[in-house]
Amino acid sequence: MQLLKDRILKDGVIKEGHILKVDSFLNHQMDIKLINEIGKEFKKRFSDANITKILTIEASGIGIACIAAQYFDVPVVFAKKSQSINLDSDMYTSKITSYTHQRTYDVILAKKFLSSDDHVLIIDDFLANGCALKGLIEIIKQAGAALEGAGIVIEKGFQQGGNILRKEGVRVESLAIIDSIDNNSIIFR
């Protein structure tokens, strides 16, 4: 998606450790016009799938998933990274290790929001090692739901998450795949 690639080149910030910050337009401050185009692109790419739910993980995937969901006309559910007293006790659970935060989370989703009748599209902002997606896929499996695919805004193609998931048969549609980040330069696939 050229609009997204142009914006990454214009406003993305490269940090040590191959970290790409896109917080000025994607996951801290959000450019709604851009994210609206991202939502349209996900609908186009998954127009052949019978999506009944969009699943993401808190927090940075939620806004993107919500805007995309309006094109699919389906609800968004998101896995939470922490338990609170107002959550139901009947939960799906999975462990996810965050590349960016260097931390492992127990993520949870109330069982009442995902069932074996659902056809699920995962939406997330980044794909690096694939840990978040694998955790969400585990929750989908626990529910007995059908995984229709994963819509990723930015994939770090130089990390193995996307390749591993595709080899496992997961349909991964990434709007921008970065093959390398070197010397303050971004190379797209």
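The present account deals with the structure reproduced in this document. Treat the numbers as computed from the prediction; the structure is a model and nothing was measured. (Residues numbered from 1 in each chain as written. Predicted model: local features only at pLDDT ≥ 70, side-chain atom pairs only at ≥ 80, totals over all residues. Heavy atoms only, no water.)

With respect to the overall build of the protein
- A count of helices and strands for the protein gives five helices and 10 strands.
- Whereas a compact globule of 189 residues would reach a radius of gyration of roughly 16 Å, the protein reaches 16 Å, a difference of no more than 12%.
- Within the span of the protein, comprising 189 residues, buried residues form 46% of the whole.
- Looking at the protein alone, contacts between residues at least 24 apart form 61% of all its contacts between residues at least 6 apart.
- Just so you have it, the protein exposes about 9,400 Å², and 47% of that area is on carbon and sulfur atoms.
- The positive charge centre, built from 24 side chains, and the negative charge centre, built from 24, are 2 Å apart in the protein. (Helix = DSSP H or I, 4+ residues; strand = E, 2+ residues; numbered from the N terminus. Rg over C-alpha atoms; globule rule 2.2 N^0.38 Å. Buried < 20%, exposed > 50% of the residue type's maximum accessible area, 1.4 Å probe, protein only. Contact = heavy atoms within 4.5 Å. Areas by Shrake-Rupley, 256 points an atom, 1.4 Å probe, with all protein chains shown as cover. Lys, Arg positive; Asp, Glu negative; His and termini not counted. Charge placed at Lys NZ, Arg CZ, Asp CG, Glu CD.)

Considerations on the packing of helix 1 (residues 2–11) against helix 2 (residues 32–45)
- Following both chains from N to C, one finds helix 1 and helix 2 inclined at 145°, their axes separated by 10 Å at the closest point. Pair helix 1 / helix 2 crosses with left-handed handedness. Across the interface between the two elements, L3, L4 and R7 from helix 1 touch L34, E37 and I38 from helix 2.
- Classifying every residue of the contact of helix 1 with helix 2 gives four nonpolar, no polar and two charged. (Axes fitted to C-alpha atoms, helices over the stretch in contact; angles between N-to-C directions. Left-handed = near helix turned anticlockwise from the far one by under 90°. Nonpolar A, V, L, I, M, F, W, Y, C, P; charged D, E, K, R; others polar.)

Comments concerning the packing of helix 2 against helix 3 (residues 60–72)
- One can describe the packing of helix 2 onto helix 3 by two numbers: an axis separation of 8 Å at closest approach and a directional angle of 50°. Judged by the inter-axis angle, helix 2 sits oblique to helix 3. You can see that helix 2 and helix 3 cross each other, and the crossing is right-handed. Contacts from I32, I35, N36, I38, G39, K40, F42 and K43 of helix 2 reach helix 3 at G63, I64, I67, A68, Q70, Y71 and F72.
- Grouping the amino acids of the contact of helix 2 with helix 3 by side-chain chemistry returns nine nonpolar, four polar and two charged. (Parallel < 35°, antiparallel > 145°, perpendicular 65-115°, else oblique.)

As for the nonpolar core
- Within the largest apolar cluster, 32 residues are counted, with the highest numbers of intra-cluster contacts made by L4, I8, L26, I38, F42, I54 and I154.
- For this core, the secondary structure elements donating two or more residues are helix 1, helix 2, helix 3, strand 7 (119–127), strand 8 (146–156), strand 9 (172–182) and strand 10 (185–188).
- If one sorts the elements of this core by residue count, helix 3 sits on top with six residues.
- The residues touching I54, leaving out its near neighbours within four places in the chain, are A65, A68, A69, F72, V74, P75, V76, V77, L121 and I123.
- Core analysis: the next-biggest nonpolar cluster, separate from the first, contains 25 residues, V107, A145, I152 and L165 among them. (Core = buried A, V, L, I, M, F, W, Y, C linked by side-chain atoms within 4.5 Å.)

A word on helix 3
- Taken as a whole, helix 3 carries its principal kink of about 25° at C66.
- Where helix 3 is buried, its residues contact helix 2, strand 3 (53–57), strand 4 (76–79), strand 7 and strand 8. (Bend = angle between axes of the 7 residues up to and from the residue.)

Examining the sheet that holds strand 9
- What the six strands build is an open sheet, ordered 4-3-7-8-9-10; its pairing is mixed. Looking at which strands have only one partner, the edges of the open sheet turn out to be strand 4 and strand 10. If you compare each strand with its neighbour and ignore which way they point, the axes differ by 30° on average.
- Here strand 8 runs beside strand 9; their pairing, made up of six bridges, is parallel. Residue G151 lies in a different strand from strand 9, and its bridge partner there is E173.
- Packing of helix 2 onto the sheet brings it into contact with strand 7, strand 8 and strand 9, and relative to strand 9 it is tilted by some 120°. (Pairing = 2+ DSSP bridges.)

Section: the side chain of S94
- Following the sequence through the fold, S94 ends up in strand 5 (residues 91–98).
- The residues touching S94, leaving out its near neighbours within four places in the chain, are Y105, D106, V107, G135, E138 and I139.

Some words on the pairing of strand 3
- Where burial is concerned, most of strand 3 is hidden: five out of the five residues are buried.
- Side chains K53, L55 and I57 of strand 3 all project onto a buried face; the interleaved residues I54 and T56 project onto the opposite face, where all are buried too.
- Bridge count for strand 3 against strand 7 is three bridges, and the pairing is parallel. Residue pairing in the sheet places I54 in a bridge with L121 of strand 7.
- As a crossover connection, the stretch from strand 3 through helix 3 into strand 4 is right-handed. (Right-handed = clockwise from strand over helix to strand, strands pointing away.)

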